[in-house]
Amino acid sequence: MQINKDNFTSAKYDVFSLFNDHWGLATAGTPDDYNTMTIGWGTMGTIWGPPKGGKQIIEVFLRENRCTTDVLLRNDYFTVCFFPEEKRKDLGILGSKSGWDVPNKIELTSLTPKPLGNAVGFEEATLTFVCKKIYAHKMLHEEVPEDVRNTMYANGNPIHYVFMGEIVDVFGSIDD
Ligand SMILES: Cc1cc2nc3c(=O)[nH]c(=O)nc-3n(C[C@H](O)[C@H](O)[C@H](O)COP(=O)(O)O)c2cc1C
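Here's a quick rundown of the structure. (Residues numbered from 1 in each chain as written. Predicted model: local features only at pLDDT ≥ 70, side-chain atom pairs only at ≥ 80, totals over all residues.)

Right, let's talk about the overall build of the chain for a bit. The secondary structure content of the chain amounts to 4 helices and 10 strands. Listed by position from the N terminus, the elements making up the chain come as β-α-β-β-β-β-α-β-α-β-β-β-α-β. Expected size for 176 residues packed as a compact globule is a radius of gyration near 16 Å; at 16 Å, the chain falls within 12% of this value. Put simply, the chain has 176 residues, and 31% of those count as buried. Contacts in the chain between residues at least 24 apart in sequence constitute 67% of all its contacts with a sequence separation of at least 6. (Helix = DSSP H or I, 4+ residues; strand = E, 2+ residues; numbered from the N terminus. Rg over C-alpha atoms; globule rule 2.2 N^0.38 Å. Buried ≥ 20, exposed ≤ 12 C-beta atoms within 10 Å, placed from the backbone. Contact = placed C-beta atoms within 7 Å.)

Below, the structure is given as structure tokens:
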């Protein structure tokens, strides 16, 4: 099924598989100043409206120390892109190299960035969501479940931000 801005709410997404199994890229900023990173966590859903009148959103969860977090805190748009299986190696690179150390890390991959309005996507993506940041929140240590606090955030490991993005454009396709 071809997906676009008008029909994306009626498509059937395998959300858990999309994030957890396939992984995606969260890309923040503008064509002149962007950074991207691999994500395995994410949600899709609806908020802030009456039935059928809410905002359609994607949430991503980015650790405070990520270069992408820094860029997204300064910018209004981000994209969430998914790729064919043959690009997994590239997602591995973008999920292990940081823009803090390697500002042009995209050049280590076979991916081709492209402007999507004032946001950035990739030629090779099979599915792209353009999102307007409508809420950003730094998780509170004391509100995180104790078992998670003692593992994921132990030894000063930085906390995550929640970034909520209203879906403003969609390109690509998913299997029917
Ligand atoms: C499969 C995979 C999934 C990941 N998921 C997340 C995630 O959801 N949130 C996060 O903060 N980091 C995640 N990471 C780690 C970042 O992608 C990684 O630290 C990256 O180098 C950050 O890049 P940046 O500093 O240029 O933003 C993941 C890494 C991999 C390999």
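We are not done yet, so read on.
Another aspect to go through is the site of the ligand. For the ligand, the set of nearby residues contains 20 residues, the closest of which are Gly 40, Thr 68, Gly 95, Ser 98 and Gly 99. Where the shell around the ligand is concerned, the elements lending two or more residues are β3 (33-39), β5 (55-63) and α2 (67-74). Looking at which element gives the most residues to the shell around the ligand, the answer is β3, with 4 residues. Of the residues belonging to the shell around the ligand, the class tally is 8 nonpolar, 9 polar and 3 charged. (Near = placed C-beta within 6 Å. Nonpolar A, V, L, I, M, F, W, Y, C, P; charged D, E, K, R; others polar.)

Turning to α2, a few remarks are in order. All of the buried residues along α2 are Cys 67, Thr 68, Thr 69, Val 71 and Leu 72. Those residues of α2 hidden inside the fold are in contact with β2 (24-30), β3, β5, β6 (77-82), β9 (127-138) and β10 (160-173).

This part covers the pairing of strand β8 (residues 119-122). Across the two faces of β8 the burial is the same, with Ala 119 and Gly 121 and Val 120 and Phe 122 all buried. Summarising the sheet, strand β7 (residues 113-116) and β8 pair through 4 bridges and their orientation is antiparallel. Opposite Leu 116, over in β8, you have Ala 119 as the bridge partner. Counting the residues that bridge the hairpin from β7 to β8 gives 2 residues, and of these Gly 117 lies at a positive phi of roughly 65°. (Pairing = 2+ DSSP bridges.)

With respect to the helices, strands and loops of the structure, Gly 172 is situated in strand β10. Residue classification places Gly 172 among the partly exposed positions, given that 18 C-beta atoms sit within 10 Å. On a C-alpha basis, the gap between Gly 172 and His 160 in space is 29 Å, while along the polypeptide they are 12 residues apart. Beyond its immediate stretch of four places on either side in the chain, Gly 172 contacts Ile 3, Ala 125, Thr 126, Leu 127 and Thr 128.

In this section: the nonpolar core. Inside soluble globular proteins, nonpolar side chains tend to come together where they are buried. Ala 26, Val 60, Phe 78, Val 80, Cys 81 and Cys 131 are the most contacted members of the largest nonpolar core, which has 39 residues in total. Per element, the largest residue contribution to this core is 5 residues, and it comes from β6. (Core = buried A, V, L, I, M, F, W, Y, C linked by C-beta atoms within 7 Å.)

Another aspect to go through is unusual backbone geometry. Even without being glycine, Lys 52 reaches a positive phi, approximately 70°. Mapped onto the secondary structure, Lys 52 falls in the loop between β4 (43-47) and β5. Positive phi, normally seen in glycine, also occurs at Asn 155, with a value near 55°. Tracing the chain through its elements places Asn 155 in the loop between α4 (146-149) and β10. Taking the C-beta count within 10 Å as the criterion, Asn 155 has 5 such neighbours and is therefore assigned exposed.

Before going further, it helps to spend a moment on the environment of Asn 35. Take Asn 35: it is sitting in strand β3. We classify Asn 35 as buried; it has 24 C-beta atoms within 10 Å. The spacing of Asn 35 and Pro 50 is 15 residues in sequence and 35 Å in space, taken between C-alpha atoms.

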